[in-house]
Amino acid sequence: MDSQNPRVGIVMGSDSDWPLVKKACDTLDSFGVPYETRVISAHRTPDVALDYAKTAEGRGIQVIIAAAGGAAHLGGVLAAGTVLPVIGIPVAGGALNGLDALYATVQMPSGVPVATVACGSAGPVNAALLAVQILGTADAGLREKFRAHKETLRAKVTKANERIHQPE
Ligand code: RP5
C-alpha cells in the first residue's frame, strides 16, 4: 500500500515484476518506512521514467528502488535523471534467466551508479534493507531498528547452532 509522504520510490518495469517487488514493500513495512510504487517502463514509457526521476526529489523521495527484467535499463535511466541514490533489482526471467538483467543493472559506466542487489527473492528484500540503511545514516531511530534487525539475524544463527548440537 502506498503511504503518505513516501521516502522511498519503488519503480518496476512491468506489473509482472510485482510478486517480487512486493517483498521489498513488505520489508519496508516492517521498518515503518513510507514508500510509493509505480509501474514505469524505461523502453515503453521513457518520458514517464525520466519525469519520475526528475520530480522524485522534489516530492520528498530520498531513495529510489528500480526493479526490471530483460536488458534492464530502468535503474540506469532513473539514475540518469536524479541525484538520489538508485538501487537496482535485476528481475530473473527470459532466455538468459536474469543474467542479462543483472549485467545491465550492475555494469553501469563510471559516473552514474546503480547499487545492484541479487537476482531472486533475496534481491527485493536486500534492496529495501539497503534503502533503510541509507535513510538510517540521517535517522537514528531507523538506524536502531536496523541494529535490532542484525541482532535478530545473529540470534537465528545462534539458535540454529544450538539446534544441530542437541542430542537426538
Ligand atoms: C521488463 O521486462 C520488466 O521489468 C519485466 O521484468 C520484463 C518483462 O515485462 P513484461 O513483458 O512482463 O511486461 O520491462
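For the structure itself, look to the data block above.
Throughout, residues of each chain are indexed from 1 in the direction in which the sequence is written. Side-chain atom pairs in this predicted model are given and counted only at pLDDT of 80 or more, local residue features only at pLDDT of at least 70, and totals for whole chains, interfaces and linings cover all residues. Remark: hydrogens and water are excluded; side-chain values derive from all non-hydrogen atoms of the structure.

On to the overall build of the protein, then. Helix numbering and strand numbering both begin at the N terminus, where a helix is a DSSP run of H or I of at least 4 residues and a strand a DSSP run of E of at least 2. Secondary structure assignment for the protein yields six helices and five strands. Counted from the first residue to the last, the protein has its helices and strands arranged as β-α-β-α-β-α-β-α-β-α-α. Note on method: radius of gyration uses C-alpha positions; expected globular size equals 2.2 Å times residues raised to 0.38. A compact globule built from 168 residues would reach a C-alpha radius of gyration of about 15 Å, and the protein, at 17 Å, matches this within 12%. For the protein, buried positions account for 40% of its 168 residues. Residue contacts follow a heavy-atom distance rule, with two residues in contact if any of their heavy atoms lie within 4.5 Å. Considering only contacts in the protein between residues 6 or more positions apart, those separated by 24 or more positions represent 67%. Method for areas: the Shrake-Rupley scheme with a 1.4 Å probe, in which residue coverage is limited to the protein chains shown. Of the roughly 9200 Å² of accessible surface on the protein, 57% is carried by carbon and sulfur atoms. Asp and Glu are treated as the negative residues and Lys and Arg as the positive ones, with His and the ends of the chain left uncounted. All charge positions are set by atom: Lys at NZ, Arg at CZ, Asp at CG, Glu at CD. Across the protein, 15 positive and 15 negative side-chain charges occur, with their mean positions spaced 5 Å apart. Here's how the labels work: a residue is buried when its accessible area is under 20% of the maximum for its type, exposed when over 50%, partly exposed in between, all with a 1.4 Å probe on protein chains only.

Moving on, we come to the layout of surface pockets. Computed over the protein atoms alone on a 1 Å grid, cavities are sets of points where a 1.4 Å probe fits but cannot get out and pockets are open sets with protein on both sides within 12 Å along at least five of seven lines; a residue lines them when it has an atom within 4 Å of a point. Grid points are joined across faces, edges and corners, and a volume is the space filled by probe spheres set on the points. Empty space within the largest pocket amounts to approximately 190 Å³. Gly 13, His 43, Ala 68, Gly 69 and Gly 70 are the residues nearest the centre of the largest pocket, which is lined by 15 residues in total. Gly is placed with the polar residues, together with every amino acid not listed as nonpolar (Ala, Val, Leu, Ile, Met, Phe, Trp, Tyr, Cys and Pro) or charged (Asp, Glu, Lys and Arg). Taken together, the residues that form the lining of the largest pocket break down as six nonpolar, seven polar and two charged.

How two helices sit against one another is set out by the angle between their axes and by the gap between those axes. Close contact between helix α1 (residues 18–31) and helix α5 (residues 122–136) brings their axes to 7 Å; oriented N to C, the two are set at 35°. For the pair α1 and α5, the sense of crossing is right-handed. Judged by residue contacts, Leu 20, Lys 23, Ala 24, Thr 27, Leu 28 and Phe 31 of α1 engage Pro 124, Val 125, Ala 128, Leu 129 and Val 132 from α5. For the contact of α1 with α5, a count of residues per class yields nine nonpolar, one polar and one charged. All axes are obtained by fitting lines to C-alpha atoms, using only the stretch in contact for helices, and the reported angles, taken between N-to-C directions, cover 0 to 180 degrees. Helix crossings fall into two classes, left-handed where the near helix is turned counterclockwise from the far one by less than a right angle and right-handed where it is turned clockwise.

A word on the nonpolar core. Nine residue types can take part in a nonpolar core, namely buried Ala, Val, Leu, Ile, Met, Phe, Trp, Tyr and Cys, and a core is a set of them joined through side-chain atoms within 4.5 Å. Counting residues in each nonpolar core, the largest one holds 26 residues, and the members touching the most others are Val 8, Ile 10, Leu 28, Val 33 and Ile 65. Not counting chain neighbours up to four residues away, the residues in contact with Val 33 comprise Val 8, Leu 28, Val 132, Leu 135 and Leu 142. Counting residues in each nonpolar core, the second largest holds 19 residues, with Val 11, Tyr 52, Ala 68 and Leu 78 among its members.

For the rest of this paragraph, the subject is the packing of aromatic side chains. Geometrically, a pair of aromatic rings is defined through the distance of the ring centres and the angle of the planes. Two rings belonging to Phe, Tyr or Trp (six-membered ring only in the last case) form a pair when the distance between their centres is within 6.5 Å. Interplanar angles under 30 degrees mark stacking, angles over 60 mark edge-to-face geometry, and anything in between is tilted. A complete count under the given rule lists one aromatic pair for this structure. Ring geometry for Phe 31 against Phe 146: centres 6.1 Å apart, planes inclined by 25°, an arrangement best described as stacked. Of this pair, Phe 31 sits in helix α1 while Phe 146 sits in helix α6 (residues 140–164), and the two are 115 residues apart along the sequence. Residue class for Phe 146 comes out buried when judged on its relative accessible area of 11%.

Turning our eyes to something else, we now look at the site of the ligand. Near the ligand, the surroundings consist of Gly 13, Ser 14, Ser 16, Asp 17, His 43, Arg 44, Ala 68 and Gly 69. What qualifies as a polar contact is a pair of N or O atoms within 3.5 Å, subject to a donor-acceptor requirement within protein and to the restriction that residues adjacent in sequence count only when both atoms come from side chains. Asp 17 is positioned with one of its side-chain polar atoms (N or O) 2.5 Å from an oxygen atom of the ligand. For the ligand, an oxygen atom lies 2.9 Å from a polar atom in the side chain of Arg 44. Grouping the constituent residues of the shell around the ligand by class yields one nonpolar, five polar and two charged. Nearness of a residue to a molecule or strand requires only that one of the residue's heavy atoms be within 4 Å of it.

Glancing now at the pattern of salt bridges. A pair is scored as a salt bridge if a Lys or Arg side-chain nitrogen falls within 4 Å of a carboxyl oxygen belonging to Asp or Glu. On inspection of all chains with the given rule, the structure shows five salt bridges. When the shortest N-O distance is used, the salt bridge between Asp 26 and Lys 22 registers 3.1 Å. With Asp 26 and Lys 22 both in helix α1, this residue pair falls four residues apart, about one helical turn. Asp 26 sits in the partly exposed class, given a relative accessible area of 36%.

Two strands are counted as paired when DSSP detects at least two bridges linking them. Pairing is parallel in the open sheet, where five strands are placed in the order β2-β1-β3-β4-β5. Of all the strands in the sheet, the pair left with one neighbour each is β2 (35–39) and β5 (115–116). Sheet analysis places strand β3 (residues 63–68) next to strand β4 (residues 86–90), joined by five bridges and oriented parallel. By the bridge assignment for β4, Ala 68 is matched with Pro 90.

Nothing here speaks to function; it is geometry throughout.
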